[in-house]
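Residue-level structural notes
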Amino acid sequence: MAAKIRQPGWYRAIAFTFLGIAVCLGLSTGLRAAFNVDPVYDGTAVLQISLLMVPIFFLGGIGCFDYWLRWASGRKVVDDHADHGAKSWRDYFKVNTDHKVIGIQYITVSFFFMFIGGLMAMLVRAELAAPGRQFIDPNTYNGAFSVHATLLIFLFVIPVFAGIANYVLPLMIGAPDMAFPRLNALSFWMLPLAGTMMLLSFLAPGGSFAAGWTAYAPLSVDAPIGQSFFTIAVQFAGASSIATALNFLVTIITMRAPGMTFFRMPLLVWANFSTSLLVVIATPFIAASQFMVLLDRALGFNFFSPAAGGDVLMYQHVFWFYSHPAVYIMMLPGFGIISEVLATRARKPVFGYRMMAFSLLAIVLLGFTVWAHHMFVSGMSNWIRIPMMVTTAIIAIPTGIKIFSWIATLWRGVLKIDTPMLWAVGFISMFTLGGISGVMLAMVPLDIHVSDTYFIVAHIHYVLFGGSLFTIFAGIYFWFPKMTGRMFNERLGKIHFWLTFIFFNVTFAPMHLIGVQGMPRRVSDYADQFATWNMIISISSFILGLSSLIFLYNMIVSWRSGPKAGDNPWNSLTIEWQVSSPPPIFNFDAIPSVVGGPYEYGVPGAVHAVLNKAEPVAVGAASDSHEGTD
Amino acid sequence: MEAASIPSPVAHDDHHHGPPEANQSSRVNREVLGILLFIISEIMLFGAFFAAYFFIRVVSADQWPPGDGLPVAVAATNAAILLSSSVTMHWTDLSAKRGNQAGMRIGIVTTFLLGCTFLFIQINEYLHLGFQPKTSASASVFFGLTGLHGAHVVIGLLLLWMSAVRIFKGKVGPANYKGLEVPGIYWHFVDAMWIVVFTTIYVL
Amino acid sequence: MVLALLAIIVVASLIGIAIVLVLPWFPEQGSNVAPEIDTFWDVLIVVSVPVFVAVTSMVLFSIWRWRQMPGEEGLDGPPIHGSTKLEVIWTAVPTIIIAALTAYAAILLVDIQSAPAKGTRVVQVTGIQFAWSFTTKTDAGVVKTNRLYLPVNEPVKFDVRSKDVIHDFWVPAFRLKVDAVPGITTSYSLTPTKLGTFDVVCAELCGLGHAYMRQTVTVLPRERYDAVMAGIADEAGVKPLPAGADSAALGKQVFVAGNPQTGATACGACHTMKAAGTNAVAGPNLDEMLAEDNAASIKEMIVKPNIEIVKGYSKGVMPANYASTLSKAQLDALVKYIDQSVHGKG
């Protein structure tokens with residue numbers, strides 16, 4: 001037992017967690033005693049410090065810091081790759097440095113939180129099925145939609161894209177792994193911590209956080225302790241996101257295979273490159289906004305107290321300066337996935353490759369200029385409105401270019417309409433609809449009327465569900481054979497798609513209407529005139545929720561016992577399909593050489609990359625074990 | 001369920017070699033690029049707090065400076081201390097590249113001590129300011145920005161400590177000084193950020 | 001083939017536009033800006049529907065026309081990498097459309113935002129958790145109500161404030177809204193153009209009572225408006241009632257206007273009671289709820305509101321401090337007034 005606690009792993013993680021709680025208890029009471037704060041023991045204060053520090057103890061316990069601490073202490077470190085690669089399911093529950101293992105860890109944890117966030121949505125729709133109170137009181141309801149959105153944004157969409165890219169990207173650029181594999185592992189392990197913290201908030205006195213995922217001050221500052229779970233969990237999710245983005249940027253810039261110039265990179269790589277820029281630059285702003293709220297809540301700061309000279313609207317500016325780029329963080333990787341799927345399924349190069357790459361960069365740049373379009377009715381100075389309207393309208397152009405380019409990719413191709421392709425073409429249509437409502441929202445005179453109504457709820461779900469989620473499903477189905485070595489059940493995949501597509505539209509399309517008619521959002525109850533549509537929406541949403549179970553079943557059963565997949569079932573040109581399914585533990589024997597573009601379909605004999613044979617290496621040679629960077 | 005990766009039948013015995021060496025597709029060193037990107041993130045974090053400063057001082061026009069006035073001279077002295085520590089840090093780096101063990105030891109210890117002095121003076125100032133965060137929004141901004149910087153000084157000192165340990169154990173030399181260079185870059189960032197914080201909060 | 005596709009797109013767009021335009025999108029047009037915004041919406045629909053129809057049709061067409069047929073499994077499509085001409089067109093055309101829409105929107109916005117003329121009636125709108133109150137300076141004095149009254153065809157400026165968290169003052173029929181932000185006063189102006197009673201909605205999450213911050217605005221002809229406001233001014237006590245004043249009058253004053261000195265919220269802000277002429281829905285209808293209760297239990301429900309909660313409503317919404325924010329005289333008068341009102345004895 002003692003030996004188990006000395007080794008990195010779950011026993012030690014749990015032990016360290018308890019140790020952490022004890023330390024926080026000591027710290028809190030000690031500091032309060034030192035500064036003469038009464039009472040010396042205060043549960044809320046201990047909880048507040050614990051939320052910040054106990055996760056770090058857990059991370060230390062599970063083994064995220066072992067190597068670095070050893071190196072920092074000057075002791076000898078050995079890179080024997082013992083913690084690299086998975087030979088059994090147990091390896092997925094450890095700190096593992098293999099990007100393929102981390103990718104799968106990310107994807108499974110993300111989907112776990114997706115199902116919980118989806119359950120929250122079911123609760124919301126159950127309550128809204130009819131006017132009046134059905135099952136839950138307004139405070140629980142407010143918590144349900146707040147946790148729903150927060151989980152799906154920070155614990156599903158953002159990390160699942162990171163997970164898919166984590167798995168695929170190094171293979172795609174001909175790299176043996178990411179630039180910083182240990183940092184990669186740490187990034188992953190911060191995620192279940194963040195999600196657990198958010199769920200634990202339901203147990204806090206006063207209930208879960210309930211100020212929406214936007215957590216505006218002063219509502220969030222005045223809220224009970226459950227709000228702090230959001231404030232701090234977001235920090236960990238944000239740190240995870242930034243570390244991953246950093247990793248992607250360094251990997252893409254410094255580890256591409258020879259011959260892979262920037263304009264020979266697959267568009268998935270471009271997409272993750274752009275997204276990572278957004279993450280590194282923007283995410284600190286949400287961290288800061290939550291730091292400020294935390295300081296106001298816990299230590300009596302006055303950032304947002306007007307009586308003391310604070311500025312309530314400042315929260316919104318700081319928050320949205322991240323959260324608008326966040327929506328591109330939640331979409332750009334999906335754009336990359338669609339390009340990969342369409343090129344392979346249409347057997348054609350992606351149309352307008354350069355403009356596709358440049359439009360990604362344009363969206364990154366422009367994405368920082370539009371944040372106040374979330375604040376048109378916030379009471380900010382009127383002069384900001386027109387410039388923000390203009391920049392928001394402009395950002396429609398590069399996005400439109402992408403849609404048209406994808407259509408042109410389909411045009412005159414040889415289209416294989418299987419499950420990944422259905423999600424991809426469904427995405428094109430649904431995201432266009434979401435984008436159109438977005439352009440409408442850019443127009444301030446209309447936005448004033450529909451702000452904070454169900455029209456907004458409709459818009460966000462068309463772009464996040466019909467947009468991001470459709471691309472996530474496309475990517476999961478597309479790379480499923482590569483990741484698991486098995487084929488998914490195509491028939492179930494199609495049923496999943498059609499049920500989702502139909503009931504997604506029945507659920508969210510009517511929301512445009514009731515929003516314009518006058519139904520506000522984030523309400524646990526509504527005027528009688530909206531009853532019929534809400535009932536229809538609720539019933540449809542239950543079927544939509546159930547349809548996700550088909551996906552779950554397909555994934556689990558196919559992974560266990562689906563037919564074995566070959567190296568390249570899709571006959572794709574990109575590098576990840578040139579190795580086995582699943583890939584070898586170190587990806588390649590030798591780094592491949594890139595000799596052409598990634599989408600040279602239709603050119604007989606065209607090759608994107610050549611896989612090289614390894615140079616003969618003597619047993620026990622230098623590449624075996626080497627010191628870490630000294 | 002199958003493992004995510006299985007030995008490919010074509011590969012040689014994996015436990016005899018590790019991964020192939022990645023291609024270097026850029027002249028930029030990986031670790032240096034990593035710390036630079038991280039510093040960009042940190043700059044943005046400070047940027048958000050500077051935005052708060054702007055909103056509270058300019059837009060809300062809350063009384064500035066908070067309290068009876070800020071100890072500009074002390075803060076300026078602290079700026080000089082930090083600047084010196086950057087010089088000694090740079091010298092430590094140079095010593096590492098030249099293999100000057102004594103130079104490294106003196107340099108890293110001096111840098112560390114200068115950093116501690118900065119922190120000590122700052123904490124002492126905190127206790128004698130005459131206002132607290134809850135006094136006003138301006139006070140909150142003051143403590144927020146300087147506190148954020150102080151937290152980064154602490155992180156920097158931790159990194160310097162780790163570098164010192166490795167230097168004294170003889171692990172740093174001309175062949176492997178990246179582990180020193182990266183904390184050094186971070187320390188320079190902490191120093192440069194103080195100049196910005198100092199100018200904005202104490203001078204303007 | 002492409003011509004046929006184009007024809008389909010045009011026809012489908014026309015049908016789509018027709019269907020979408022016919023849907024009952026907006027509530028009644030209650031203000032001068034409503035027709036402008038509704039027309040703008042129609043223009044947006046006319047531009048948007050063809051875009052969606054075209055994109056979807058081209059996708060469906062491609063799938064139908066170029067689907068992989070049996071035997072084509074090994075085939076690739078033609079290696080078309082791009083077409084500068086096409087890319088220029090599909091960058092330029094959307095730019096022109098977006099620019100035109102933005103210009104239209106900007107002109108409309110400037111019009112909406114134009115400062116009200118001097119002498120425009122100002123209504124101070126105050127949001128608290130979870131009720132709106134409206135304060136207007138009239139010839140009869142400063143009148144505070146929980147039900148907004150406005151004269152038709154006269155411009156009004158709303159100065160919107162909040163006492164606690166962010167709310168948002170929205171009348172869907174009027175089409176404009178703005179957040180109520182603690183620490184600042186926000187505003188917008190318009191002219192109500194239709195007689196009638198319209199919903200007032202809170203459009204910013206403000207806590208557990210957010211959904212219940214629903215009240216009404218009644219737009220009246222000017223003379224009627226003056227009469228109503230004067231009547232309220234009398235009843236609501238623009239001048240504080242002298243000691244010994246009629247208890248029923250005092251009770252009604254407290255019910256309808258609360259106690260501004262102590263911040264006691266008016267009962268009428270959240271409760272419907274016919275005799276008082278209030279119709280808010282944040283709390284239960286008093287005529288129904290209190291039919292079986294006597295004065296003693298009415299009093300207990302006022303000072304200890306969380307002891308028993310009517311099904312469908314929530315704990316923690318009704319202020320629990322009336323015992324300290326109302327004087328004994330006010331509380332007794334209020335209880336008597338409510339008792340008489342709900343039992344038809346007033």
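Residues numbered from 1 in each chain as written. Chains lettered and ligands numbered in written order. Predicted model: local features only at pLDDT ≥ 70, side-chain atom pairs only at ≥ 80, totals over all residues.

**Comments concerning the overall build of chain A**
From N to C terminus, chain A includes 20 helices and two strands. Relative to a compact globule of 630 residues, whose C-alpha radius of gyration would be 25 Å, chain A shows 25 Å and is just as compact. When the backbone C-alpha atoms are referred to their principal axes, chain A occupies close to 70 × 60 × 45 Å. Burial analysis of chain A (630 residues in total) assigns 64% to the buried set. A separation threshold of at least 6 residues defines the contact pool for chain A, and within that pool the share at least 24 residues apart is 80%. (Helix = DSSP H or I, 4+ residues; strand = E, 2+ residues; numbered from the N terminus. Rg over C-alpha atoms; globule rule 2.2 N^0.38 Å. Buried ≥ 20, exposed ≤ 12 C-beta atoms within 10 Å, placed from the backbone. Contact = placed C-beta atoms within 7 Å.)

**A closer look at the overall build of chain C**
Of regular secondary structure, chain C possesses nine helices and 12 strands. Scaling as 2.2 N^0.38, a compact globule of 346 residues should have a C-alpha radius of gyration of about 20 Å, whereas chain C reaches 28 Å, well beyond that. For chain C, the spread of C-alpha atoms along the three principal axes comes to 95 × 50 × 35 Å. Every one of the 346 residues in chain C was classed for burial, and the buried ones make up 40%. Long-range pairs, those at least 24 residues apart, make up 68% of the contacts in chain C between residues at least 6 apart in sequence.

**Some remarks on the interface of chain C and chain A**
Taken together, the contacts link 74 residues of chain C with 79 residues of chain A. Mapped onto the side of chain C that touches chain A, the elements with two or more residues apiece are helix 2 (34-66), helix 3 (84-113), strand 7 (177-180) and strand 9 (196-202) of chain C. Its residues assigned to classes, the side of chain C that touches chain A shows 45 nonpolar, 18 polar and 11 charged. (Nonpolar A, V, L, I, M, F, W, Y, C, P; charged D, E, K, R; others polar.)

**Things to note about the domain arrangement of chain A**
Residue and element names in this part refer to chain A. According to the domain assignment, chain A consists of domain 1 (1-63) and domain 2 (64-561). Centre-to-centre separation of domain 1 and domain 2, based on C-alpha positions: 31 Å. Listed per partner, the contact involves 13 residues of domain 1 and 15 residues of domain 2. Looking at the side of domain 1 that touches domain 2 residue by residue, the classes come out as eight nonpolar, five polar and no charged. (Domains from an automatic or database assignment.)

**A look at the arrangement of the chains**
Here the protein chains form two pairs of chains in contact, of which the pair with the most contacts is chains A and C. Nothing in chain B touches chain C; the tightest C-alpha to C-alpha distance between them is still 10 Å.

**Thoughts on unusual backbone geometry**
All names here are of chain A. Of the consecutive residues Asp38 and Pro39, the connecting peptide bond is found in the cis state with omega at -5°. Relative to the elements of secondary structure, Pro39 occurs in the loop between helix 2 (10-34) and helix 3 (43-62). A cis amide bond, omega -5°, links Ala217 with the succeeding residue Pro218. Of note, Pro218 is situated in the loop between helix 7 (181-200) and helix 8 (219-222). Its identity is not glycine, yet Asn587 carries a phi of approximately 70°, on the positive side. Within the secondary structure, Asn587 sits in the loop between helix 20 (531-561) and strand 1 (593-594). Asn587 gets classed as buried once you count the C-beta atoms within 10 Å, which come to 26.

**Re the confidence of the model for chain A**
Mean pLDDT over chain A stands at 95; residues scoring 70 or higher make up 97%. Here residues 619-630 of chain A is modelled with pLDDT under 50, and outside its nearest four sequence neighbours on either side it reaches 21 contacts, counting other chains as well. (pLDDT = per-residue confidence, 0-100.)

**Some details on the environment of Ile153 of chain A**
Residues and elements named next belong to chain A. Along the chain, Ile153 falls in helix 6 (residues 138-172). Spatially, the C-alpha atoms of Ile153 and Leu549 are 20 Å apart, while their sequence positions differ by 396 residues. Setting aside residues no more than four positions away along its own chain, Ile153 makes contact with Ile158, Trp213 and Met330.

**Details of helix 5 (residues 99-128) of chain A**
Between the first and last C-alpha of helix 5 of chain A there are 42 Å, a value that for 30 residues agrees with the 44 Å anticipated at 1.5 Å per step. Counting buried positions over the 30 residues of helix 5 of chain A gives 22, a clear majority of the element. (Expected span 1.5 Å × (residues − 1).)

**Some details on the pairing of strand 1 (residues 121-128) of chain C**
All names here are of chain C. In terms of strand pairing, strand 1 meets strand 5 (residues 156-162) through seven bridges, oriented parallel. Each bridged residue has a counterpart across the sheet, and for Thr126 the counterpart in strand 5 is Arg161. Note: strand 1 against strand 2 (residues 131-138), six bridges, orientation antiparallel. Along strand 2, the bridge assignment pairs Thr126 with Ser133. Linkage of strand 1 to strand 2, two consecutive antiparallel strands, is achieved through a turn of two residues. (Pairing = 2+ DSSP bridges.)

**Quick word on the pairing of strand 4 (residues 148-151) of chain C**
Residues and elements named next belong to chain C. Here strand 4 shows a buried face lined by Leu148 and Leu150 and a second buried face lined by Tyr149 and Pro151. Taken together, the four bridges between strand 4 and strand 10 (residues 215-220) define a ladder with parallel strand orientation. Pairing of Leu148 across the sheet is with Val217, part of strand 10.

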